[in-house]
Amino acid sequence: MTIGVARAYGVKKIIAFDVEQSRVDFAVKYGADVGIPSPMNTAGIEPLEFASLFVSEVMTKHKLGSGVDLTIEASGAEACVQMGVHITKPGGMCMLSSLRLFTSD
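This one's a predicted model, so the numbers in the text were calculated from it and none came from an experiment.

What counts, and where the lines are drawn
Residues numbered from 1 in each chain as written. Predicted model: local features only at pLDDT ≥ 70, side-chain atom pairs only at ≥ 80, totals over all residues. Heavy atoms only, no water. Buried < 20%, exposed > 50% of the residue type's maximum accessible area, 1.4 Å probe, protein only. Helix = DSSP H or I, 4+ residues; strand = E, 2+ residues; numbered from the N terminus. Pairing = 2+ DSSP bridges. Right-handed = clockwise from strand over helix to strand, strands pointing away. Salt bridge = Lys/Arg side-chain N within 4 Å of Asp/Glu carboxyl O. Axes fitted to C-alpha atoms, helices over the stretch in contact; angles between N-to-C directions. Parallel < 35°, antiparallel > 145°, perpendicular 65-115°, else oblique. Left-handed = near helix turned anticlockwise from the far one by under 90°. Contact = heavy atoms within 4.5 Å. Nonpolar A, V, L, I, M, F, W, Y, C, P; charged D, E, K, R; others polar. 1 Å grid on protein atoms, 1.4 Å probe; cavity = no way out; pocket = protein on both sides within 12 Å on 5 of 7 lines; lining within 4 Å. Points joined across faces, edges and corners; volume = space filled by probe spheres on them.

Peer 1: Could you clarify how one ought to interpret the pairing of strand β2 (residues 34–37) in this entry?
Peer 2: A regular strand carries its side chains on alternate faces of the sheet. A one-sided burial pattern is seen for β2, the buried positions being Val34 and Ile36 and the unburied ones Gly35 and Pro37. Note that strand β1 (residues 15–18) and β2 share 4 bridges and pair parallel. Across the sheet, the residue bridging to Ile15 is Val34, located in β2. The handedness of the β1 to β2 crossover, carried by helix α2 (residues 21–29), is right-handed.

Peer 1: Looking at this structure, how should I read the pattern of salt bridges?
Peer 2: Opposite charge on two side chains permits them to pair, given that their charged atoms come into close proximity. Counted according to the given criterion, the structure contains 3 salt bridges. When the shortest N-O distance is used, the salt bridge between Arg23 and Asp18 registers 3.4 Å. A residue is classified by how much of its surface remains accessible, and Asp18, at 9% relative accessible area, is buried.

Peer 1: Explain the packing of helix α3 (residues 47–61) against helix α4 (residues 78–87) to me, please; I cannot follow it from the model alone.
Peer 2: The relative placement of two packed helices is expressed as an angle between their axes plus a distance between the axes. Where α3 contacts α4, the axes come no closer than 9 Å and their chain directions differ by 55°. Put simply, α3 runs oblique to α4. Pair α3 / α4 crosses with right-handed handedness. Between α3 and α4, the contacting residues are Pro47, Leu48, Phe50, Ala51, Ser52, Phe54, Val55, Val58 and Met59 on the first element and Gln82, Met83, His86 and Ile87 on the second. A breakdown of the residues in the contact of α3 with α4 according to their chemical character gives 10 nonpolar, 3 polar and no charged.

Peer 1: Help me out: how do you make sense of the layout of surface pockets in this one?
Peer 2: In this approach the atoms are scanned with a rolling probe the size of a water molecule, which exposes any empty space left behind. One number sums up the size of the largest pocket: a volume of about 1200 Å³. Surrounding the largest pocket, 34 residues form its lining, Thr2, Ile3, Ile14, Ile15 and Ile72 being those nearest its centre. Looking at the lining of the largest pocket, the elements with two or more residues in it are α1 (2–8), β1, α2, β3 (68–73) and α4. In terms of residue count, β3 provides more of the lining of the largest pocket than any other element does, 6 residues in total. Considered class by class, the residues forming the lining of the largest pocket number 22 nonpolar, 7 polar and 5 charged. By volume, the second largest pocket amounts to about 160 Å³. Secondary structure elements with two or more residues in the lining of the second largest pocket: α3 and α4. Taken together, the residues that form the lining of the second largest pocket break down as 7 nonpolar, 2 polar and 1 charged.

Following this line, the structure appears as structure tokens:
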């Protein structure tokens, strides 16, 4: 739904990250321009440094300059949150959006 709303508001380039390839494929199928599975940090690099290094590669590959204007993080995955912060340009906006359902049972 987030992709559809972004498109309706005129967003020119939508990049979707997720830790699951199937979710990345779903995002591309329903409107994302680019789908990128977040890699696993198997080298034991500090998580924020790992996110920063990966996002630097993505920004270069997709010609994003100093970053994106708006990031909406909706996966809730720690790696994706960190990457969202790093890909947002200085002065840009990073929003965290997560739906959690609770029951009193």
